[in-house]
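# Close look at the chain arrangement
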Amino acid sequence: MWVGGIFDYTVGRKQNNRNEMKKWNVAIIGLGFVGKLHYDALRRLPNVHVRTIVVHKTQDIQATKENYDADVVTDCWQEAVADPQIQVIHNCTPNALHDEINLAAIGAGKHLYAEKPMSLTTAGAEEVLAAAKAAGIAHAINYQCRMNGAVLEMRARRQRGQAGRYRAAWWG
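Residues numbered from 1 in each chain as written. Predicted model: local features only at pLDDT ≥ 70, side-chain atom pairs only at ≥ 80, totals over all residues. Heavy atoms only, no water.

Within strand E9 (residues 111-115), five of the five residues are buried, which leaves the element mostly enclosed by the surrounding structure. Of the two faces of E9, the one lined by His111, Tyr113 and Glu115 and the one lined by Leu112 and Ala114 are each fully buried. Remark: the strand E8 (residues 88-91)/helix H4 (residues 98-107)/E9 crossover connection has right-handed handedness. Bridge analysis of E9 against strand E10 (residues 139-142) gives four bridges, and the strand direction is parallel. (Buried < 20%, exposed > 50% of the residue type's maximum accessible area, 1.4 Å probe, protein only. Helix = DSSP H or I, 4+ residues; strand = E, 2+ residues; numbered from the N terminus. Right-handed = clockwise from strand over helix to strand, strands pointing away. Pairing = 2+ DSSP bridges.)

Glancing now at unusual backbone geometry. At the junction of Lys116 and Pro117, the peptide bond is cis and its omega measures out at -5° in the coordinates. Structurally, Pro117 is set in the loop between E9 and helix H5 (122-135).

Once that is clear, we can look at the environment of Gln87. On the secondary structure map, Gln87 appears in the loop between helix H3 (77-82) and E8. In this structure Gln87 comes out as partly exposed when scored by relative accessible area, which is 22%. Taking the C-alpha atoms as reference points, Gln87 and Trp24, separated by 63 residues in sequence, lie 6.4 Å from one another. Apart from the residues within four sequence positions on either side, Gln87 is in contact with Lys23, Trp24, Asn25, Lys110 and His111. In this structure the side chain of Gln87 is engaged in a polar contact, spanning 2.6 Å, whose partner is the backbone nitrogen of Asn25. For Gln87, the side chain forms a polar contact with the main-chain oxygen of Gln85, separated by 3.2 Å. (Contact = heavy atoms within 4.5 Å. Polar contact = N/O pair within 3.5 Å; in protein donor to acceptor, adjacent residues only side chain to side chain.)

The next subject is the sheet that holds E9. As summarised here, the arrangement of the six strands in space is E7-E6-E5-E8-E9-E10, forming an open sheet in which the pairing is parallel. A single partner strand is all that each edge strand has here, and the edge strands are strand E7 (72-74) and E10. On average, adjacent strands in this sheet sit at an angle of 20° to one another, irrespective of strand direction. As judged from the six bridges shared by strand E5 (residues 24-29) and strand E6 (residues 48-54), these two strands associate in the parallel manner. Bridging from a neighbouring strand, Ala27 pairs with Thr52 of E6. Sheet contacts for helix H1 (residues 33-42): E5, E6, E8, E9 and E10; angle to E5, the most-contacted strand, approximately 165°. Sheet strands touched by H4: E5, E8 and E9. Its angle to E9, the strand with the most contacts, is close to 165°. (Axes fitted to C-alpha atoms, helices over the stretch in contact; angles between N-to-C directions.)

Keep in mind these numbers describe shape, not what the thing actually does.
Shown next as structure tokens:
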């Protein structure tokens, strides 16, 4: 599942003596701004099926069922983690929920693609990493700006000497 440090959904091409890609069932836990971006990206991959979407509020379930193509829409992330048909969890929840969900997903043997930060503490991040390595699952933290067109262009300009020195950076 890892190619050049990138989570690769094209693994498993030679199944049934044909050149087919493995079909991945995915759960997106958290359908806020970032979760919607994950959904949009995942639905474009031919071998990925968004099986489950986990929303924050019970009252959001019906609207999510009407507007998104998923087999299951729930407000219970534990249900998604426990589903034996899901191979990959996309954790798009608020930062304070990352440790518990990441560790539960790893404990259930699910591959994990989580939003940053991995944890709110260094000790928490080390625990998640150790658990993932011990479980032998693929795991990644999303840095969505890394491949952003504007970021790549600025990096290229800096490398070509076409940009001045950095004076300030602001995220806010």
